[in-house]
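Below, each chain spelled out in residue letters.
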Amino acid sequence: MARKMTALGAVAVLIYISHVIIGGLLWEEYSHLHRPISDLTASGAPNRLFLSVLTVFYGILSVLFSLGAYLILKNNAPRASQIGMLVFLSMHIISLFYNFFPQDLPGDSLTFRGLMHIVITILIIPLTIISPILVGLGLRKLKDFQLYSYFSLLTGLVIFLSGAAVAVFIANDWPYFGILQRINIGSLQIWMLATSLKLVSIESQTRKGQSKKLIY
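Here the structure is a predicted model, which means the values were calculated and not measured.

### Description of the overall build of the protein chain
Part 1 of the argument: Across its full length, the protein chain carries six helices and zero strands.
Part 2 of the argument: Taken from the N to the C terminus, the helices and strands of the protein chain come in the order α-α-α-α-α-α.
Part 3 of the argument: The globule rule puts the C-alpha radius of gyration for 216 residues at 17 Å, and the 18 Å found for the protein chain is close to it.
Part 4 of the argument: Its C-alpha atoms put the protein chain at 60 × 30 × 30 Å along the principal axes.
Part 5 of the argument: When contacts within the protein chain are restricted to residue pairs at least 6 apart in sequence, those whose partners lie at least 24 apart make up 67%.
Part 6 of the argument: Accessible surface, the protein chain: about 11300 Å² in total, of which carbon and sulfur atoms supply 70%.

### Thoughts on the nonpolar core
Part 1 of the argument: Counting 44 residues, the largest nonpolar core has Met85, Phe88, Leu139, Phe145, Trp191 and Met192 as the members making the most contacts within it.
Part 2 of the argument: Among the secondary structure elements, those contributing two or more residues to this core are α1 (2-26), α2 (48-73), α3 (79-95), α4 (112-139), α5 (146-171) and α6 (177-207).
Part 3 of the argument: Considering every element that reaches this core, the biggest residue donor is α2, with nine residues.

### With respect to empty space enclosed by the protein
Part 1 of the argument: Per the counting criterion, the structure on display carries one cavity of 30 Å³ or more.
Part 2 of the argument: In the lining of the largest cavity, the residues fall into seven nonpolar, one polar and one charged.

### Concerning a nonpolar patch on the surface
Part 1 of the argument: Judged by side-chain polarity, Leu110, Leu115, Ile118, Val119, Ile122 and Leu123 come together as a nonpolar surface patch covering roughly 540 Å² of accessible area.
Part 2 of the argument: Along the chain, Leu123 turns up in helix α4.
Part 3 of the argument: Residue Leu123 is classed as partly exposed on the basis of its relative accessible area of 47%.

### A look at the confidence of the model for the protein chain
Part 1 of the argument: Summing up the model confidence of the protein chain, the mean pLDDT is 91 and the portion of residues at 70 or higher is 94%.
Part 2 of the argument: Here α6 stands out as the least confident element of the protein chain, with mean pLDDT 89; α3 is the most confident, with 96.

### Side note on the packing of aromatic side chains
Part 1 of the argument: Taken as a whole and judged by the stated rule, the model has eight aromatic pairs.
Part 2 of the argument: Here Phe97 and Phe100 contribute two aromatic rings whose centre-to-centre distance is 6.2 Å and whose plane-to-plane angle is 50 degrees, an arrangement assigned as tilted.
Part 3 of the argument: For the pair Phe145 and Tyr148, a centre-to-centre distance of 6.0 Å together with 85 degrees between the ring planes defines the contact as edge-to-face. Each member of the pair, Phe145 together with Tyr148, is buried.
Part 4 of the argument: Connected via pairs of aromatic rings, a cluster forms that spans Phe65, Phe88 and Trp191.
Part 5 of the argument: Above the ring of Phe145, the side-chain terminus of Lys198 is found at 5.0 Å from the ring centroid.

### Let's talk about the side chain of Asn184
Part 1 of the argument: Within the fold, Asn184 resides in helix α6.
Part 2 of the argument: Looking at Asn184, the relative accessible area reads 17%, which means it is buried.
Part 3 of the argument: Within polar-contact distance, the side chain of Asn184 engages the backbone oxygen of Ile159 at 2.8 Å.
Part 4 of the argument: When sequence neighbours within four positions are dropped, the list of residues in contact with Asn184 reads Ile159, Ser162 and Gly163.

### Quick notes on α5
Part 1 of the argument: With 26 residues, α5 extends 38 Å from end C-alpha to end C-alpha; this agrees with the ideal 38 Å at 1.5 Å per step.
Part 2 of the argument: Within α5, the full set of buried residues consists of Tyr148, Ser149, Ser152, Thr155, Gly156, Ile159, Ser162 and Val166.

### Concerning the environment of Pro36
Part 1 of the argument: Considering the arrangement of structural elements, one finds Pro36 in the loop between α1 and α2.
Part 2 of the argument: A residue is classified by how much of its surface remains accessible, and Pro36, at 13% relative accessible area, is buried.
Part 3 of the argument: Distance in space between the C-alpha atoms of Pro36 and Val200 is 32 Å, their sequence separation being 164 residues.
Part 4 of the argument: In this structure, Pro36 is in contact with Tyr30, Gln103, Phe177, Gln181 and Arg182, ignoring residues within four places of it in sequence.

Cut-off values and rules
- Residues numbered from 1 in each chain as written.
- Predicted model: local features only at pLDDT ≥ 70, side-chain atom pairs only at ≥ 80, totals over all residues.
- Heavy atoms only, no water.
- Helix = DSSP H or I, 4+ residues; strand = E, 2+ residues; numbered from the N terminus.
- Rg over C-alpha atoms; globule rule 2.2 N^0.38 Å.
- Contact = heavy atoms within 4.5 Å.
- Areas by Shrake-Rupley, 256 points an atom, 1.4 Å probe, with all protein chains shown as cover.
- Core = buried A, V, L, I, M, F, W, Y, C linked by side-chain atoms within 4.5 Å.
- Buried < 20%, exposed > 50% of the residue type's maximum accessible area, 1.4 Å probe, protein only.
- 1 Å grid on protein atoms, 1.4 Å probe; cavity = no way out; pocket = protein on both sides within 12 Å on 5 of 7 lines; lining within 4 Å.
- Points joined across faces, edges and corners; volume = space filled by probe spheres on them.
- Nonpolar A, V, L, I, M, F, W, Y, C, P; charged D, E, K, R; others polar.
- Patch = residues over 30% accessible without salt bridge, like charges linked within 9 Å, V, L, I, M, F, W, Y side chains within 5 Å.
- Salt bridge = Lys/Arg side-chain N within 4 Å of Asp/Glu carboxyl O.
- pLDDT = per-residue confidence, 0-100.
- Phe/Tyr/Trp six-rings, centres within 6.5 Å; stacked < 30°, edge-to-face > 60°.
- Lys NZ or Arg CZ within 6 Å of the ring centre and 35° of its normal.
- Polar contact = N/O pair within 3.5 Å; in protein donor to acceptor, adjacent residues only side chain to side chain.
- Expected span 1.5 Å × (residues − 1).

Structure (structure tokens):
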């Protein structure tokens, strides 16, 4: 069951990418270079209902993935990696509330739901950075996970730096911050895809008897 749940991470990433691509195609005035992804499901955005359905599926699948990944790591991996996946699970649970509190479109007055959207973002930013770092630190000394652990640590660094750059660009009203945000969010999606495929592969080897223990 845990293996099937973990495999859902790859499906979730495909849904997320689809919602970004489809949303941009349906909204002619939308610019991936200059606008945040959250504008696609903001209050008053065209196609918000359809795209919100996709983000709901993404959120649910991401929660199931995180739970499955934690169950695989539990009692079979260093504690830091277990905590990291629990943090990732918490982040996705909190992110589900985005569907109840959409962002206000640029230029619109700040509403309560828009304010709560900002609060949720503030809550999940540190969780997003910490998750891959903890998982990477926990698995860095394990033979089958050394390359993956370095990738996880690098992902955390990229998320931190690109997130800081996004904040600077927004504060100064500089153009092209949409590119930086996609680097930020895209890094997390790539990490989730890689984690999903890695854990599914490792457990498959264990089931076939190629490894006596899942990880160590």
